[in-house]
There are 2 protein chains.
Amino acid sequence: MNDLPIRILIADDHPVVRAGLRAVLETEPGFSIVAEAATAERAVELAAAGGTDVVLMDLQFGGGMNGSQATAAITARPGAPRVLIVTTYDTDADTLPAIEAGATGYLLKDAPPEDLAAAVRTAAAGRTTLAPAVADRLMNRLRAPHTSLTRRETEVLTLVAEGLSNQRVSERLHLTQATVKSHLAHIYAKLGVDSRTAAVAAALGLGIIRR
Amino acid sequence: MNDLPIRILIADDHPVVRAGLRAVLETEPGFSIVAEAATAERAVELAAAGGTDVVLMDLQFGGGMNGSQATAAITARPGAPRVLIVTTYDTDADTLPAIEAGATGYLLKDAPPEDLAAAVRTAAAGRTTLAPAVADRLMNRLRAPHTSLTRRETEVLTLVAEGLSNQRVSERLHLTQATVKSHLAHIYAKLGVDSRTAAVAAALGLGIIRR
DNA sequence: GGGCGTCTCCACCTTTTGATCGATGCCCGG
DNA sequence: CCGGGCATCGATCAAAAGGTGGAGACGCCC
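Computed from a predicted model, the values in this text were never measured in an experiment.

Some details on the interface of chain B and chain A
On the side of chain A, 29 residues touch chain B, which itself brings 30 residues to the contact. Between chain B and chain A the total buried area reaches about 2300 Å² when both faces are included, carbon and sulfur atoms providing 71% of it. Inspection of the chain B/chain A interface yields 0 salt bridges. At the boundary of chain B and chain A, one finds 1 residue pair in polar contact (both at pLDDT 80 or more). Looking at the side of chain B that touches chain A, the elements with two or more residues in it are α1 (15-26), α5 (113-124), α7 (151-161) and α10 (196-206) of chain B. Here the side of chain B that touches chain A gets 8 residues from one element, more than from any other, and that element is α1 of chain B. Among the residues forming the side of chain B that touches chain A, the class breakdown is 18 nonpolar, 7 polar and 5 charged.

A short note on helix α2 (residues 40-48) of chain A
All of the buried residues in α2 of chain A are Ala40, Ala43, Val44, Leu46 and Ala47 of chain A. Elements in contact with the buried residues of α2 of chain A: β1 (6-11), β2 (31-37), β3 (54-57) and α3 (67-75) of chain A.

Observations concerning the protein's contact with DNA strand C
Near DNA strand C, the surroundings consist of 17 residues, among which Lys181, Tyr188 and Arg196 of chain A together with Thr150 and Arg152 of chain B are the closest. Taken together, the sugar and phosphate atoms account for 67% of what DNA strand C places within 4 Å of the protein. Contact between DNA strand C and serine 182 of chain B: a base nitrogen at 3.3 Å from a side-chain N or O atom of the residue. Side-chain polar atom of histidine 183 of chain B to a phosphate oxygen of DNA strand C: 2.9 Å apart, as the coordinates give it. Looking at the surface near DNA strand C, the elements that each hand over two or more residues are α9 (177-191) of chain A together with α7 and α9 (177-191) of chain B. Among the elements that take part in the surface near DNA strand C, α9 of chain B stands out by supplying 4 residues, more than any other. Of the residues that constitute the surface near DNA strand C, the class distribution is 4 nonpolar, 8 polar and 5 charged.

Digging into the pattern of salt bridges
Where charged atoms from two side chains of opposite charge approach closely, those side chains can pair. If you walk through the whole model with that rule in mind, you get 22 salt bridges over all chains. A salt bridge links aspartate 12 of chain A to lysine 109 of chain A, with the shortest nitrogen-to-oxygen separation between them at 3.2 Å. With aspartate 12 of chain A in the loop between β1 and α1 (15-26) and lysine 109 of chain A in the loop between β5 (105-108) and α5 (113-124), this pair connects stretches of sequence that are 97 residues apart. On the basis of relative accessibility, which here comes to 1%, the residue aspartate 12 of chain A falls in the buried class. Between glutamate 45 of chain B and arginine 42 of chain B there is a salt bridge; the shortest N-O distance is 2.8 Å. Here arginine 42 of chain B and glutamate 45 of chain B lie together in helix α2 (residues 40-48), a separation of 3 residues that amounts to about one turn. A single network of salt bridges, built from pairs that share partners, joins Arg18, Arg22, Glu26 and Glu36 of chain A.

Some details on the relation of the copies chain B and chain A
The relation between the two chain copies is a rotation about an axis coupled with a shift along that axis. Turning chain B through 180° and shifting it by 0.1 Å along the axis lays it on chain A, with an RMSD of 0.2 Å. A rotation of that kind, with that shift, is consistent with a two-fold axis. Closest to the rotation axis within chain B is the C-alpha of glycine 20 of chain B, separated from it by 1.6 Å. With an isologous cut-off of 70% or more, the 97% of interface residues of chain B that recur at the interface of chain A puts this contact in the isologous class.

So, the confidence of the model for chain A
Should the pLDDT be low somewhere, the predicted coordinates at that spot are not to be read in detail. Considering every residue of chain A, the mean pLDDT works out to 86; 91% of them sit at 70 or more. Per-element averaging of pLDDT across chain A places helix α6 (residues 132-143) of chain A at the bottom with 65 and β1 of chain A at the top with 95.

Some points on the environment of arginine 18 of chain B
Residues and elements named next belong to chain B. With respect to the element layout, arginine 18 can be found in helix α1. Under the relative-accessibility criterion, arginine 18 is labelled buried at 13%. Distance in space between the C-alpha atoms of arginine 18 and glutamate 36 is 7.5 Å, their sequence separation being 18 residues. Excluding residues within four positions of it along the chain, arginine 18 makes contact with Ile10, Asp12, Asp13, Glu36, Ala37 and Ala38.

Focus: the protein's contact with DNA strand D
In the region of DNA strand D, 17 residues are neighbours, and Thr150 and Arg152 of chain A together with Lys181, Tyr188 and Arg196 of chain B sit closest. The separation between a phosphate oxygen of DNA strand D and a polar side-chain atom of threonine 179 of chain A is 3.0 Å. Residue serine 182 of chain A places a side-chain N or O atom 3.5 Å away from a base nitrogen belonging to DNA strand D. Sorting the residues of the surface near DNA strand D by element identifies α7 (151-161) and α9 of chain A together with α9 of chain B as the ones contributing at least two each.

About the cut-offs
- Residues numbered from 1 in each chain as written.
- Chains lettered and ligands numbered in written order.
- Predicted model: local features only at pLDDT ≥ 70, side-chain atom pairs only at ≥ 80, totals over all residues.
- Heavy atoms only, no water.
- Contact = heavy atoms within 4.5 Å.
- Buried area = accessible area lost by both parts, 1.4 Å probe.
- Salt bridge = Lys/Arg side-chain N within 4 Å of Asp/Glu carboxyl O.
- Polar contact = N/O pair within 3.5 Å; in protein donor to acceptor, adjacent residues only side chain to side chain.
- Helix = DSSP H or I, 4+ residues; strand = E, 2+ residues; numbered from the N terminus.
- Nonpolar A, V, L, I, M, F, W, Y, C, P; charged D, E, K, R; others polar.
- Buried < 20%, exposed > 50% of the residue type's maximum accessible area, 1.4 Å probe, protein only.
- Near = heavy atom within 4 Å.
- Least-squares fit on C-alpha atoms with pLDDT ≥ 70 in both.
- pLDDT = per-residue confidence, 0-100.

In structure tokens:
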């Protein structure tokens, strides 16, 4: 292992969480918190400026850019720091985009301090740490036949989840009801359900759509 | 103001959040963190033991008792400490039970440290602090005509939200479909909608049911 | 005792939704 | 250039859900 401390950037919109991460990591040797960011945009700026080894990134920010977008922006540059996602709740809708965006690891905030420190060291070495709950769902995802909806299907289902009838959905998307029904039939087949409400419940459970 | 420090108990299942609250409050004068609890049950025990002025209480714990139940148990005793709710997300389904349970205040975790410290002092004095977002919704709630469902209606809607058909709901609750339809008709009227999916969306939005 | 709310159930009818066949045009990659 | 996924639409038909207008039973409270 290296003698130099691991230089850490904390990106989270909650002051309490930033203070908590700082407090937890500062009690461990070998870590140096070099900056904090309260917005995703600020995190991208600070990461681009260099001098950081690992970014602890929240996914939900109050407004503007989210954590996945910030992760993508950070990891797109050469010599970018590693990004370790540290978030509260995990759903597929969050996890997959973050991993696709180049996150090195994914932890939940209820992790004990030792796990957090270990994950930071692992991330600094360029290897991956996943929270058990996240790892489980990823495995299921790879095992199960693709339950991914197309862009259009997701649009339709999102409107259905807001309580719109086929008629209203067709108006919103400038389609005929026949097309909406066609999309819904495909959605039901993919999700293994047979009604709109069941589809919404399943999609919420899988994190395909957001409440 | 008193010379004695305000004695604080922190109840949250996330080590990071506990460390964060501790770090934030210890930088302010006049506070003394006397204990931490990682479960709601433990918080009730520690609060009952005395020596605490204010309890900072999370609402969601990993399992077992939740924050509202713990708040009710704590405030039920004579000479109980004040309970200040400090949580991440706010929905009516969380807020109202907590306030009914006797919470003195309700803050979101994205509050700046100064607000947090001020709220603790206010709570110690027995007065209430509400986060603006929470206060807004409470006002709307009092202003709006009661959108409260009966116990049975909530049961029906919860099953509907899981995607069950009227037939399945009637089987689960040992009713006829006629009764289920009757309950649903009342639900639609109360929520101002005209379909099961719209009712689920509205109820989720109002926090009447939980996904 | 009478009113009120809740929970239960019935019948009849209309509307919406879902199931099952289709069909066309588009784009993308092998 | 051809196959396949995607998006778009059509027509039926059956099933589910919703709208209307009841009614009886129970408990609670004034």
